[in-house]
Amino acid sequence: MSALPAPFRFRPKLRRTALAACLVLGACQAPPMPSLELPTVAMPDLDLAALRIPGYPRPQTAPDVTPYRLTGEQTAAIKLKVADALSGQGTPQFSRMSAGRTADGTILACGLVNTVDGMNQATRWRLFSGSGRVGPDGAFEFQVKGLALSKQNALAVFSACQDKGLV
């Protein structure tokens, strides 16, 4: 008598047939997947800096901007105004700064700034832009025109600096 329960008791011939069917089905393989030959397409070079964000006005292109070397007093005035714009965010640290001068004497400047909090944790570098003039009393007056505090206006500030030829 067999040790298998009644529903699983097969006749010997049926048992051999079932075993042969399992072996045949197990040996079968699925047909190989067809390979897809996709054509390679060369992507065009895109000037991402020329793209404009919808809803932001296109910056005015500064005519005839010539490179300009800032004096120590002008650099200090720029750093002071940018630090005022970043008030409450920590101690500012400045990096690369470039400037240009227009035909009417306006000095345009762009640069990078980050802030360090009380625990020496630095923020990411932010781009700033602005313009200034030497007043009648000889003092340099600078105004911050753009400060990339968020990702949304970073492209606008970069575009303004690029249009001036300062980046």
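The text that follows walks through the structure, step by step, so that each part is easy to find. (Residues numbered from 1 in each chain as written. Predicted model: local features only at pLDDT ≥ 70, side-chain atom pairs only at ≥ 80, totals over all residues. Heavy atoms only, no water.)

### Regarding the state of the cysteines
Per the counting criterion, the structure on display carries one disulfide. Paired by a disulfide, Cys-110 and Cys-161 hold their sulfur atoms 2.1 Å apart. Taking the sign of the S-S torsion, about -100° here, the bridge from Cys-110 to Cys-161 comes out left-handed. Separated by 51 residues along the polypeptide, Cys-110 in strand E3 (residues 107-116) and Cys-161 in helix H3 (residues 151-163) bring together distant segments of the chain. For Cys-110, a relative accessible area of 2% gives the class buried. (Disulfide = S-S within 2.5 Å. Helix = DSSP H or I, 4+ residues; strand = E, 2+ residues; numbered from the N terminus. Buried < 20%, exposed > 50% of the residue type's maximum accessible area, 1.4 Å probe, protein only.)

### Section: the nonpolar core
With 13 residues, the main nonpolar core has Ile-78, Val-82, Val-113, Phe-128 and Phe-140 as its most contacted residues. Every element with two or more residues in this core is listed here: helix H2 (72-85), E3 and strand E5 (140-147). Excluding its chain neighbours within four sequence positions, the residues that come into contact with Val-82 are Phe-94, Val-113, Phe-128 and Val-144. (Core = buried A, V, L, I, M, F, W, Y, C linked by side-chain atoms within 4.5 Å. Contact = heavy atoms within 4.5 Å.)

Take it as geometry only, folks, not as evidence of what the structure does.
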